[in-house]
Amino acid sequence: MSRRVRRKGAQSKDKVISQTYSEISYSETSHLETKRELDWTSLPDDTVLQLFSYLNYRDRANLASTCKTFRVLGSSPCLWNSLDLRAHKCDPSIASSLASRCSKLQKLRFRGSDAANAIMNLQARDLREISGDFCRDITDATLSVMAARHEALESLQIGPDFCEKISSDAIKAVGLCCPRLKRLRISGVREIDGDAINALANCCKQLGEIGFMDCVNVDEAALGNLMSVRFLSVAGTRNMKWSSVSLFLGKLPNLVGVDVSRTDINSTAVSRLLSSAQRLKVLCALNCPILEEEGNYGVYNVKGKLFIALFTDIFKGLASLFADITREERNVFWDWRNSKNVDKDLNDVMNWLEWVLSHSLLRVAESNPPGLDSFWLSQGATLLLSLMQSLQEDVQERAATGLATFVVIDDENATVDRGRAEAVMRDGGIHLLLDLARSCREGVQSEAAKAIANLSVNAKVAKAVAEEGGISILANLARSMNRLVAEEAAGGLWNLSVGQEHKGAIADVGGVKALVDLIFKWPSGGDGVLERAAGALANLAADDKCSIEVAMAGGVHALVLLARSCKFDGVQEQAARALANLAAHGDSNGNNAAVGQEAGALEALVQLTRSPHEGVRQEAAGALWNLSFDDRNREAIAAAGGVEALVALAQNCSNASQGLQERAAGALWGLSVSEANSIAIGREGGVAPLIALACSDAEDVHETAAGALWNLAFNPGNALRIVEEGGVPALVHLCSSSVSKMARFMAALTLAYMFDGRMDEVALVGPSSEGISKSVSLDSARRMALKHIEEFVLTFSDPQTFLAAAASSAPTSLAHVAEAARIQEAGHLRCSGAEIGRFVAMLRNSSSTLRACAAFALLQFTIPGGRHAMHHASLLQKAGAARILRAAAAAATAPIEAKIFAKIVLRNLEHHQVEALL
């Protein structure tokens, strides 16, 4: 097209007319482009019509409104032969606005009962085919009017949902009003009586195919009156009297194919039907439990007739329908489509088989019955891939949906069966799906993207998708104006973004911007597209570089918009998770502060901690925890009611998941860095639930609870509350028994704060809590605490190594002790000047245990390589700690542990001084 446009634009006396396209230099082309504007209205009519044909009806109408030329061409009947409204809202006003273009409309697809009522306003009297999806609420009146308005109808399909509000009356009306009807497929009708079936038989003389799927009752005797019917499906229909059915169907003179899949038909009825129906070529009985239990497979081998079941070799059976076109049985569909076969009857059989197989395989996949692994791995996956290449669009869509469905074995937890997913990949399914995703047909795009998304839960498949260019394809689909397409593409990017190796690739192809734009494009588009977009952004935000791109693309504003205004739990949860991940890179970018400064962000997250949905509460608490690392955010969260909300959350999460407990305690830990917040947490009743969480069996939970209690204990009033609430035994247990060194360390520091003497002054005034006084012996609690602090510190000391270090004081000796005593995670802790000052003061405490604990703590905070070691060293220098440390190291009465740890801290300070000068 570009070649034709450029040459058309060059028509004049210009010399370039005599040149071929390849001979025009880059500079000459650029000169041409800047010299004259391209006139799109001068394109040939056939080119414009071709361009229009690739657009959906809304874009087509919008483009047609730009100028008179396009308006005339945009109304051409050839562009409006077919209309797919499934992805768009269709109400009476929209249908009326399209009516002037739809006078020659022949094929219509829509979704939902509202659209079913609206399509009558299209005034499309010449409609030949109508297909309606998800019409659970469609009524007799709507279907009857639809039939009466479209007398030329040849094909009517309503399903696959159960149409429980349709009765025999509406089906009778279809028969009476649509004499040209050739195909009728309808699902989930409660009862189809003899009058309805007889109306079809008497009035629709060309009716060659009927599908009464998943119905409750069908009049068996009346089925025997459908003399013109060649193909019949009663798949999933219950309450059939199979002895009668086989008798009546056996009398139909034109019956070629019958589908009884997912019914309770037995081997006797199958045998009778195969032998009595003279022209019958194919009987399909997929997933019929009674047949599979009986196992009497020999009775189904009737010469010249194909029987299809889960226990038969389906490909071999299909190949038997042909004389010579199939060399490889598994390529039977491919060979048939590419053959020059002129046998109309055989082509009709194969087209019908494609439809019933795609329908039944999808239904089987949706119900996910046990015991079908062998079938799916040996035949099912390959069948779906073969059907996905059908020339029938609805078969393609259903096969792609089947692939998306059969790999998922646990919907609730999005668990994908590894064997099934990798079977699709081995059979070339990824390439086929990506080809379908490139299609200009939006229905196929949507279902292919859904299959790619589900399959990509498997890491190997995700890698294959990425290697075949799937990330770029999904990013393009996420920009679609069709919400259903964009939703499934966002789901694919969500699953692919789980892998760290794919995050950068998604960002490189513009996936981040596409996902953010989805939120602005459909702010009220339902939970599907918004949850997937937010979920993908949450995964991407976990990566430092991608998180910057999310923020630059407007992601902070978009995600806060969702957190504030969206009412869907899934969307709220993913939006909060995304904000939590954006705020988790405080040391490397400014996203933490940016989220806190976004209007309404903190208030929204505080409000979400009160959600009835646990996942939402968990992610909101996690976001507040990460945001609380920023000083301004910390105070703003408190001002927004965060203290009260998080204390209430901690009080009510004793039976909640480990994740919620960890984040609730973590958020209080982050807020309690501020002394004002710490006091407020104590006053609001936050001590008791934190002590309860500190007793958790989960390492991550008691670690964050210990951290929060450590901050709270800095305040003497809170320290007394901890004693009164029974916190000393809980902290002692943590200090001595936790598998986490970090939790033991913080429990020891908490106990050291509590019993360094400052709490005694508060205790003299009286209990900190109002109401009933608790009888607590501070002396016994102090003895218990100091005993376990000492035991904790001694676990990091080896007497012989300490004696050797004390004797030599050589740097290598001290380094060996420091490394042995190092708690790796402690390097992430950041202490304030007041906290460092308190440990320095503790070096002069009368208790040798507290002196050793203080020196040990300062060692952890200043070890080279720690995240905040330089900061802590600077605070120690400002506090004049070197003199006190030297005194502690030289004190004759000090325990050897305190001396050695003090010497190591001095060495660390010297190291940081040298580093600061470099």
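Every chain is numbered independently, its residues counted from 1 as its sequence is written. In view of the model being predicted, local features appear only for residues whose pLDDT reaches at least 70, and side-chain atom pairs are presented and counted only at 80 or more, with totals across whole chains, interfaces and linings using the full set of residues. Heavy atoms throughout the structure, all of them, feed into the side-chain values; hydrogens and water do not.

1. Considerations on the overall build of the protein
What counts is decided by this rule: Where helices and strands are cited, they refer to DSSP runs of H or I of at least four residues and of E of at least two residues respectively, numbered from the N terminus. Restricting the calculation to C-alpha atoms gives the radius of gyration, and the globule rule supplies 2.2 Å times the number of residues raised to the power 0.38. In what follows, residue pairs with any heavy atoms lying within 4.5 Å of each other are defined as contacts. We get accessible surface area from the Shrake-Rupley algorithm with a probe of 1.4 Å; when it comes to residues, only the shown protein chains can shield them. Only four residue types enter the charge count: Lys and Arg as positive, Asp and Glu as negative, with His and the chain ends excluded. The location of each charge is read from NZ of Lys, CZ of Arg, CG of Asp or CD of Glu.
In terms of regular secondary structure, the protein is built from 52 helices and 14 strands. For the protein, whose C-alpha radius of gyration is 37 Å, the value lies well above the compact-globule estimate of 29 Å for 918 residues. C-alpha atoms of the protein, sized along the principal axes, occupy 110 × 85 × 55 Å. Sequence separation of 24 or more characterises 70% of the internal contacts of the protein that already satisfy a separation of 6 or more. Here the protein displays about 38,600 Å² of accessible surface, and carbon together with sulfur accounts for 50% of that area. Across the protein, 94 positive and 103 negative side-chain charges occur, with their mean positions spaced 5 Å apart.

2. A closer look at the confidence of the model for the protein
Our working definition: What pLDDT expresses is the predictor's confidence in each residue, scored from 0 to 100.
Scored by pLDDT, the protein comes out at a mean of 88, with 92% of its residues at no less than 70. Here residues 1–35 is a poorly scored stretch, pLDDT under 50, and it has 27 contacts once near neighbours within four places are set aside; other chains count. Predicted confidence for residues 769–775 stays below pLDDT 50, and this span has 5 contacts to residues more than four positions away or in other chains.

3. Some remarks on the sheet that holds strand β3 (residues 129–133)
Note the cut-off: We call two strands paired when DSSP finds no fewer than two bridges between them. Every axis corresponds to a line fitted to the C-alpha atoms, with the helix fit spanning only the stretch in contact, and the corresponding angles, defined between N-to-C directions, vary from 0 to 180 degrees.
With parallel pairing, the 10 strands of this open sheet are ordered in space as β1-β2-β3-β4-β5-β7-β9-β10-β11-β12. Across the chains shown, the open sheet's two edge strands, defined by having one partner strand only, are β1 (82–84) and β12 (306–308). Taken over all neighbouring pairs, the strand axes of this sheet differ in orientation by 5° on average, direction set aside. Bridge analysis of β3 against strand β4 (residues 155–158) gives 4 bridges, and the strand direction is parallel. If you follow E129 over to β4, its bridge partner there is S155. Packed onto the sheet, helix α8 (residues 140–149) meets β2 (107–111), β3, β4 and β5 (183–187) and runs at close to 165° relative to β4. The sheet contacts of helix α17 (residues 344–367) involve β4, β5, β7 (209–213), β9 (231–233), β10 (257–259), β11 (282–284) and β12, and relative to β10 the element is tilted by about 0°.

4. Overview of the environment of A173
For A173, the location among the structural elements is in helix α9 (residues 168–177). Counting along the chain gives 33 residues from A173 to D140, while the straight-line C-alpha distance between them is 9.0 Å.

5. Quick word on the pairing of β2
The cut-off we apply is this: Handedness rule for crossovers: strands pointing away from the viewer, path from the first strand over the helix to the second running clockwise, crossover right-handed.
Two strands pair when backbone bridges link them, and β1 and β2 are joined in this way by 3 bridges, in the parallel orientation. Looking at β2, one finds that D84 is bridged to R109. In this fold, the crossover linking β1 to β2 by way of helix α6 (residues 92–98) has right-handed handedness. When β2 meets β3, the two strands line up parallel, connected through 5 bridges. The partner of K107 across the bridge, within β3, is E129.

6. Points about the pattern of salt bridges
Quick reminder of the rule: Salt bridges are counted wherever a side-chain nitrogen of Lys or Arg sits within 4 Å of a carboxyl oxygen of Asp or Glu. Here's how the labels work: a residue is buried when its accessible area is under 20% of the maximum for its type, exposed when over 50%, partly exposed in between, all with a 1.4 Å probe on protein chains only.
Summed over all chains, the structure comprises 31 salt bridges. Here E397 and R109 are joined by a salt bridge, their closest N and O atoms 3.3 Å apart. Residue E397 is located in helix α19 (residues 393–406), and its partner R109 is located in strand β2; the two are separated by 288 residues in the primary sequence. With relative accessibility at 6%, the residue E397 sits in the buried group. Its relative accessible area of 9% is what places R109 among the buried residues. Between D345 and R230 there is a salt bridge, with the nearest N and O atoms lying 3.3 Å from each other.

7. Structural notes on helix α21 (residues 429–437)
Burial runs high along α21: 7 of the 9 residues are buried. Every buried residue of α21 is accounted for by G429, I430, L432, L433, L434, L436 and A437. Residues of α21 that are buried sit in contact with α18 (373–387), α19, α20 (418–426), α22 (442–455), α23 (459–467) and α24 (470–477).

8. Concerning the packing of aromatic side chains
The way to describe two aromatic rings as a pair is by their centre distance and the angle between their planes. Stated formally: Two rings belonging to Phe, Tyr or Trp (six-membered ring only in the last case) form a pair when the distance between their centres is within 6.5 Å. Interplanar angles under 30 degrees mark stacking, angles over 60 mark edge-to-face geometry, and anything in between is tilted. By definition, being over a ring means that NZ of Lys or CZ of Arg is both within 6 Å of the ring centre and within 35 degrees of the ring normal.
Enumeration according to the criterion identifies 16 aromatic pairs in this entry. With centroids separated by 6.4 Å and ring planes inclined at 15°, the aromatic side chains of W710 and F861 adopt a geometry described as stacked. Residue W710 is found in helix α40 (residues 699–713), and its partner F861 is found in helix α49 (residues 848–862); the two are separated by 151 residues along the sequence. Across this residue pair, the class does not change: W710 and F861 are buried. Members of the aromatic cluster, joined through ring pairs, are W710, F714, F745, Y753, F792, F796, F839, F856, F861 and F901. Lying over the aromatic face of F162, R363 brings its terminal NZ or CZ to 5.5 Å of the ring centre. Over the ring of Y753 we find R838; its NZ or CZ atom is 4.7 Å from the centre of that ring.

9. Some points on the environment of G469
Mapped onto the elements, G469 comes out in the loop between α23 and α24. Spatially, the C-alpha atoms of G469 and L434 are 8.3 Å apart, while their sequence positions differ by 35 residues.

10. Examining unusual backbone geometry
Residues G159 and P160 are joined by a peptide bond in cis, for which omega reads 5°. Although it is not a glycine, Q123 adopts a positive phi angle of roughly 55°. Considering the arrangement of structural elements, one finds Q123 in the loop between α7 (113–118) and β3.

11. What about the packing of α40 against helix α41 (residues 716–724)?
The criterion, for reference: Put simply, angles under 35 degrees are roughly parallel, angles over 145 are roughly antiparallel, angles from 65 to 115 are roughly perpendicular, and the rest are oblique. For this classification, Asp, Glu, Lys and Arg are treated as charged, while Ala, Val, Leu, Ile, Met, Phe, Trp, Tyr, Cys and Pro are nonpolar and the rest, including Gly, are polar.
Contact geometry for α40 and α41: axes closest at 7 Å, N-to-C directions at 130°. One element, α40, and the other, α41, form an angle in the oblique class. Within the contact between the two elements, α40 uses L709, L712 and A713 and α41 uses N718, A719 and I722. Of the residues assigned to the contact of α40 with α41, the class counts are 5 nonpolar, 1 polar and no charged.

12. A look at the pairing of β7
Looking down a regular strand, the side chains alternate between one sheet face and the other. Burial within β7 is extensive, with 5 of its 5 residues counted as buried. Alternating positions in β7 separate into two faces, E209, G211 and M213 on one and I210 and F212 on the other, with burial throughout. Relative to β7, β5 runs parallel, the two sharing 5 bridges. Across the sheet, residue R183 finds its bridge partner in β7, namely E209. Where β7 lies against β9, 3 bridges are found, and the strand directions are parallel. Residue pairing for β9: I210 is matched across the bridge by L232.

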